[in-house]
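Structural overview for review
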Amino acid sequence: MSTLVIAASNDQAVPIHHAMMLHDGVAGSQLVVIDDADHALIWTHTDEFERVTDDFLGV
């Protein structure tokens, strides 16, 4: 199953190493780290989040 892991580079609530562990634990997953984003990245970096998600889904 294709899996996309999106993480924020400055997330203090869920540190980046958690996203890396998830990525490492799901074979074939894709990890995307959004620079200069924190835990609220879906609100603060909406365009980039949408672009990454659309690219992954092939939209």
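About the criteria used
- Residues numbered from 1 in each chain as written.
- Predicted model: local features only at pLDDT ≥ 70, side-chain atom pairs only at ≥ 80, totals over all residues.
- Heavy atoms only, no water.
- Helix = DSSP H or I, 4+ residues; strand = E, 2+ residues; numbered from the N terminus.
- Rg over C-alpha atoms; globule rule 2.2 N^0.38 Å.
- Buried < 20%, exposed > 50% of the residue type's maximum accessible area, 1.4 Å probe, protein only.
- Contact = heavy atoms within 4.5 Å.
- Lys, Arg positive; Asp, Glu negative; His and termini not counted.
- Salt bridge = Lys/Arg side-chain N within 4 Å of Asp/Glu carboxyl O.
- Polar contact = N/O pair within 3.5 Å; in protein donor to acceptor, adjacent residues only side chain to side chain.

1. Focus: the overall build of the protein
The helix and strand tally for the protein stands at three helices and two strands. Tracing the protein from N to C terminus, the helices and strands come up as β-α-β-α-α. Computed over C-alpha atoms, the radius of gyration of the protein comes to 11 Å, within 12% of the 10 Å expected from 2.2 N^0.38 for 59 residues, which places it in the range of a compact globule. Overall, the C-alpha framework of the protein stretches about 30 × 25 × 15 Å when taken along its three principal axes. Counting only residues that meet the buried cut, the protein has 20% of its 59 residues in that class. Summarising the internal contacts of the protein: among those between residues at least 6 apart in sequence, 64% fall at separations of at least 24.

2. Overview of unusual backbone geometry
Backbone geometry places Asp36, a non-glycine residue, at a positive phi of 60°. Examined against the element boundaries, Asp36 turns out to sit in the loop between strand E2 (30–34) and helix H2 (41–44). Asp36 gets classed as exposed once you look at its relative accessible area, which sits at 63%.

3. Some remarks on the side chain of Asp11
With respect to the secondary-structure elements, Asp11 resides in the loop between strand E1 (4–8) and helix H1 (16–25). One buried charged residue, Asp11, remains without a salt bridge, the closest side chain of opposite sign being Arg51 at 17 Å. Only 2.8 Å separates the side chain of Asp11 from the side chain of His39, close enough to count as a polar contact.

4. Regarding the pattern of salt bridges
With the rule as written, the count across this model stands at two salt bridges. The partner of Glu48 in a salt bridge is Arg51, with the nearest N and O atoms 3.8 Å apart. A residue pair is termed a helical-turn pair when its members lie 3 or 4 positions apart in one helix, as Glu48 and Arg51 do in helix H3 (residues 46–57) at three residues. Note on Glu48: relative accessible area 29%, which makes it partly exposed. A salt bridge links Arg51 to Asp55, with the nearest nitrogen and oxygen atoms 3.5 Å apart. Of this pair, Arg51 and Asp55 both sit in helix H3, four residues apart, which is roughly one turn of the helix.

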